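# Fold and contact review
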Amino acid sequence: MSNELGELIAIIGGSLTFFLFMVALICVGWRLARVFKSHPKTLKESSKYSADDARFMRMAIDIASRNVENGGGPFGAVIVRNGEVIATGANRVVPTCDPTAHAEISAIREACSKLGDFKLNGCTVYSSCEPCPMCLSALYWAGVERICYGNTKADAKDIKFDDSFIYDQLELDYSRRSITCNHFLRDEALESFRKWAAKEDKVEY
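A few points on the structure. Values in this document were obtained by computation on a predicted structure and should not be read as measured data.

## Regarding the pairing of strand β1 (residues 76-81)
Summarising burial for β1: five of the six residues are buried, a large majority. Taken together, the six bridges between β1 and strand β2 (residues 84-90) define a ladder with antiparallel strand orientation. Each bridged residue has a counterpart across the sheet, and for G76 the counterpart in β2 is A90. In this structure, the hairpin formed by β1 and β2 is closed by a connection of two residues, where N82 is found at a positive phi of approximately 55°. Pairing of β1 with strand β3 (residues 123-129) involves five bridges; the strand directions are antiparallel. Note on β3: the bridge partner recorded for I79 is V125.

See below:
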């Protein structure tokens, strides 16, 4: 009887150890997944690009450099379709007191206005720096085909343009974010959504 009890205890002990090990492994994996999700890797710099790619990227870089001399931030962007420059943009956050006046956003606005379309299908964006989360989102909404950049977000961080905290914030529960978020009057807010859903002549985007 005592031998059987000892074997049972050994089995339970072994199972418990394995269970705790698996829990620890899952926790580590979850944490690593959050880290990699919060801080996406930067692309390896390519040594293969066309002459046009180099020309348009240097144009964006030149815009960024000249913009610093004109009181703006060190960022420039060029939007190209079929080898033709559709629009350019520079970071004018400080001169215009507009936190959304990033180079890519400015270029998107100019391109859409010029083309008379809210979509930039078939366009390539050349940016002197890897787009921040706001600009990247805008480029996706605009439907561009390709994004090319020079400096990385790590390079931007080195000169105090750090957007990694935004990725970190998105991973946090609302109660832990640095900006207070409150949710109320949903039933009333849904009225405009119902009108949109019922509107037969709407232009979807």
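Having seen it, we continue.
## Points about the pattern of salt bridges
Side-chain pairs of opposite charge can arise where the charged atoms are in close proximity. Within the structure shown, the criterion is met by eight salt bridges. A salt bridge links D52 to R55; the nearest nitrogen and oxygen atoms lie 3.2 Å apart. Here the residue D52 and the residue R55 both occupy positions in helix α2 (residues 51-69), the gap between them amounting to three residues, near one helical turn. You can call R55 partly exposed: its relative accessible area is 44%. One salt bridge in this structure joins R194 and E191, with 3.4 Å as the shortest N-O distance. You can see R194 and its partner E191 sitting in helix α8 (residues 186-198), three residues apart, about one turn around the helix. Residue class for R194 comes out partly exposed when judged on its relative accessible area of 46%. With a relative accessible area of 37%, E191 lands in the partly exposed category.

## A word on the sheet that holds β2
Read across the sheet, four strands follow the order β2-β1-β3-β4 without closing on themselves; strand pairing throughout is mixed. Each edge of the sheet is formed by a strand with only one pairing partner; in this case those strands are β2 and β4 (146-151). For this sheet, the mean inter-axis angle between neighbouring strands, taken without regard to orientation, is 15°. Both β3 and β4 contribute to a ladder of five bridges, which runs parallel. If you follow S127 over to β4, its bridge partner there is Y149. The sheet strands contacting α2 are β1, β2, β3 and β4, and the helix crosses β1 at an angle near 150°. Here helix α4 (residues 103-115) sits on the sheet in contact with β1, β2 and β3, set at roughly 140° to β2.

## Notes on the pairing of β3
The buried count for β3 comes to seven of seven residues, which makes it a mostly enclosed element. Handedness of the β-α-β unit built from β3, helix α5 (residues 133-142) and β4 comes out right-handed.

## A word on the state of the cysteines
Evaluation of the coordinates by the stated rule reveals zero disulfides. There is no disulfide at C132, and the cysteine sulfur nearest it, in C135, is 3.7 Å away. Its relative accessible area of 15% is what places C132 among the buried residues. Under the relative-accessibility criterion, C135 is labelled buried at 0%.

## Looking at the packing of aromatic side chains
The final tally for this structure, using the stated rule, is four aromatic pairs. On the numbers, 5.0 Å between centres and 90° between planes, the contact of F75 with F161 is edge-to-face. Of the two residues, F75 is situated in the loop between α2 and β1 and F161 in the loop between α6 (153-158) and α7 (164-171); the sequence distance between them amounts to 86 residues. Judged by its relative accessible area of 14%, F75 is buried. Members of the aromatic cluster, each reached through a chain of ring pairs, are F118, W196 and Y205. The ring of Y174 carries the charged tip of R177 above its face, separated from the ring centre by 4.3 Å.

## Remarks on the packing of α4 against α5
Orientation of α4 relative to α5, taken along the N-to-C sense of each, is 25°, at an axis distance of 9 Å. As far as their axial angle goes, α5 and α4 are roughly parallel. Here α4 and α5 pass one another in a crossing that is left-handed. Of the residues in α5, those touching α4 at E104, I105 and I108 are M134, C135, A138, L139 and A142. When grouped by side-chain class, the residues that make up the contact of α4 with α5 number seven nonpolar, no polar and one charged.

Cut-off values and rules
Residues numbered from 1 in each chain as written. Predicted model: local features only at pLDDT ≥ 70, side-chain atom pairs only at ≥ 80, totals over all residues. Heavy atoms only, no water. Buried < 20%, exposed > 50% of the residue type's maximum accessible area, 1.4 Å probe, protein only. Helix = DSSP H or I, 4+ residues; strand = E, 2+ residues; numbered from the N terminus. Pairing = 2+ DSSP bridges. Salt bridge = Lys/Arg side-chain N within 4 Å of Asp/Glu carboxyl O. Axes fitted to C-alpha atoms, helices over the stretch in contact; angles between N-to-C directions. Contact = heavy atoms within 4.5 Å. Right-handed = clockwise from strand over helix to strand, strands pointing away. Disulfide = S-S within 2.5 Å. Phe/Tyr/Trp six-rings, centres within 6.5 Å; stacked < 30°, edge-to-face > 60°. Lys NZ or Arg CZ within 6 Å of the ring centre and 35° of its normal. Parallel < 35°, antiparallel > 145°, perpendicular 65-115°, else oblique. Left-handed = near helix turned anticlockwise from the far one by under 90°. Nonpolar A, V, L, I, M, F, W, Y, C, P; charged D, E, K, R; others polar.

These values are about where atoms sit, not about what they do.
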